[in-house]
Amino acid sequence: MKDSIRSKLVKLCSRLEEVNILLTAEDVTTDMKKYKQLTKEHSELTPISATYSSFVASEKNIEAATELLGDVEMKELAEEELKISRETLHDLELKLHSMLLPRDPNDEKNIYLEIRAGTGGDESGLFAGDLFRMYLRYAESQNWKTEIISESVTGLGGYKEIVVKFIGKQVYSKLKFESGGHRVQRVPDTETQGRVHTSACTVAVLPEADAVEDVDLNNEDLRIDTYRASGAGGQHVNKTDSAVRITHIPSGIVVECQDDRSQHKNRAQAMAVLAARLKDKKISEQQAEEAATRKSLVGSGDRSERIRTYNFPQGRLTDHRINLTLYKLQAAIDGDLDELFEALMTEHQTQLLTDMTG
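In short, a report on the structure. (Residues numbered from 1 in each chain as written. Predicted model: local features only at pLDDT ≥ 70, side-chain atom pairs only at ≥ 80, totals over all residues. Heavy atoms only, no water.)

A short note on empty space enclosed by the protein
Right, on to step 1. Taken as a whole, this structure holds 2 cavities of 30 Å³ or more when the rule is applied.
Right, on to step 2. Leu317, Leu326, Lys328, Ala332, Asp336, Leu337, Glu339 and Leu340 together form the lining of the largest cavity.
Right, on to step 3. Here the lining of the largest cavity is composed, by residue class, of 5 nonpolar, no polar and 3 charged. (1 Å grid on protein atoms, 1.4 Å probe; cavity = no way out; pocket = protein on both sides within 12 Å on 5 of 7 lines; lining within 4 Å. Points joined across faces, edges and corners; volume = space filled by probe spheres on them. Nonpolar A, V, L, I, M, F, W, Y, C, P; charged D, E, K, R; others polar.)

A look at the packing of helix α2 (residues 32–68) against helix α3 (residues 75–100)
Right, on to step 1. Where α2 contacts α3, the two axes come as close as 8 Å, and the packing angle between them is 155°. Regarding the angle of α2 to α3, the classification is roughly antiparallel. α2 and α3 meet at a crossing whose hand is left-handed.
Right, on to step 2. Taken together, the residues of the contact of α2 with α3 break down into 13 nonpolar, 7 polar and 6 charged. (Axes fitted to C-alpha atoms, helices over the stretch in contact; angles between N-to-C directions. Helix = DSSP H or I, 4+ residues; strand = E, 2+ residues; numbered from the N terminus. Parallel < 35°, antiparallel > 145°, perpendicular 65-115°, else oblique. Left-handed = near helix turned anticlockwise from the far one by under 90°.)

Quick look at the sheet that holds strand β4 (residues 180–186)
Right, on to step 1. Taken together, 8 strands build an open sheet; the order of strands is β2-β3-β1-β5-β4-β9-β10-β11 and the sheet is mixed. Looking along the sheet, the strands with just one partner apiece sit at the ends: β2 (145–153) and β11 (324–326). The average angle at which neighbouring strand axes cross in this sheet is 15°, direction not considered.
Right, on to step 2. Bridge count between β4 and strand β9 (residues 306–311): 5 bridges; the pairing is parallel. Across the sheet, Gln185 pairs through a bridge with Asn311, a residue of β9. (Pairing = 2+ DSSP bridges.)

Details of the pairing of strand β1 (residues 111–117)
Right, on to step 1. Taking burial as the measure, the 7 residues of β1 include 5 buried ones, the bulk of the element.
Right, on to step 2. Here 6 bridges tie β1 to strand β3 (residues 159–167), and the two strands are oriented antiparallel to one another. What sits directly across from Tyr112, in β3, is Lys165.
Right, on to step 3. Relative to strand β5 (residues 197–207), β1 runs antiparallel, the two sharing 7 bridges. The residue bridging Glu114 from the neighbouring strand is Ala204, located in β5. (Buried < 20%, exposed > 50% of the residue type's maximum accessible area, 1.4 Å probe, protein only.)

A word on a negative patch on the surface
Right, on to step 1. Taken together, the side chains of Glu76, Glu79, Glu80, Glu81, Glu87 and Asp91 define an acidic patch exposed on the protein surface.
Right, on to step 2. For Glu87, a relative accessible area of 46% gives the class partly exposed. (Patch = residues over 30% accessible without salt bridge, like charges linked within 9 Å, V, L, I, M, F, W, Y side chains within 5 Å. Areas by Shrake-Rupley, 256 points an atom, 1.4 Å probe, with all protein chains shown as cover. Salt bridge = Lys/Arg side-chain N within 4 Å of Asp/Glu carboxyl O. Lys, Arg positive; Asp, Glu negative; His and termini not counted. Charge placed at Lys NZ, Arg CZ, Asp CG, Glu CD.)

Digging into the sheet that holds strand β7 (residues 243–248)
The strands that make up a sheet are held in pairs by hydrogen bonds between backbone atoms, and each pair lies either parallel or antiparallel.
Right, on to step 1. What the 3 strands build is an open sheet, ordered β6-β7-β8; its pairing is antiparallel. In this open sheet, the two strands that pair with only one neighbour each are β6 (222–227) and β8 (253–257). When the angles between neighbouring strand axes are averaged without regard to direction, this sheet yields 15°.
Right, on to step 2. As judged from the 5 bridges shared by β7 and β8, these two strands associate in the antiparallel manner. When the sheet's bridge partners are listed, His248 is paired in β8 with Ile253.

Here you go:
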């Protein structure tokens, strides 16, 4: 283990002792905000300290077993102990590295996932529909809930744009690498001569914002319009101005919501999406600053970046950021995305570890 890592672990263990003392103070609950911070810090530091204690114990076992190698009667036992302890030490070191990686504060948050058709006309809209169903099936496998916030359908059953809210455990953590350009290569149903066409969609993954802490929304910066909803929904949608459009004047961001019959609910949903987009804008700006000093292959969030190609004739899915090709395209389209997402996360953690250890 590198000295820099060991030094960091020793400091964290020392900090845990300080937190333990602070939590036993008689007046600890007089400031509930500070108390909650201390309890959270305690819960985060405790497993790190316990794992590091096990690591140090394994080091001592290796030292003791090494000393016994010179004893003829104990040599075989010592060799076996050395093998086990070294394997344990290796596993614990990897675990400690993982525990020290900086955490994304948005990992536990719900998201708004936006899919927009790009180049390719009707075929692009159909591909947007395929991507929507792919993420929907993955959400079902994770026991997440989904809510359609807004949609603009095409005549062939695809989407010009669709915005969906995903609600569940670690949603952003698992979908945060999906932002970017998605390209499809296949023979469209409308193609009579069997030629392969290339179309594209863009995907944006926006962590749900805490309206109070994450985004400052001033009423003076907003223009709110109501209008009659269009599309499916029966006669009701043509009779009331239930749809809501909110324009954030400083940034030019426009959000529409017409999924619910209640204007009040549509307005609340639109405000939530606006807050998420503004938060995403802030995150993107921060990532751009980081990218100026360090190139990140995963998680750059650049919407113009082509991140993945879905080649149907070859049954091939390729993620260009990590040079990963899987010949299980149909399974992926059906929502089997675990292998892909795990590879992206592993690459991301490897980058973070490299940055941490220098």
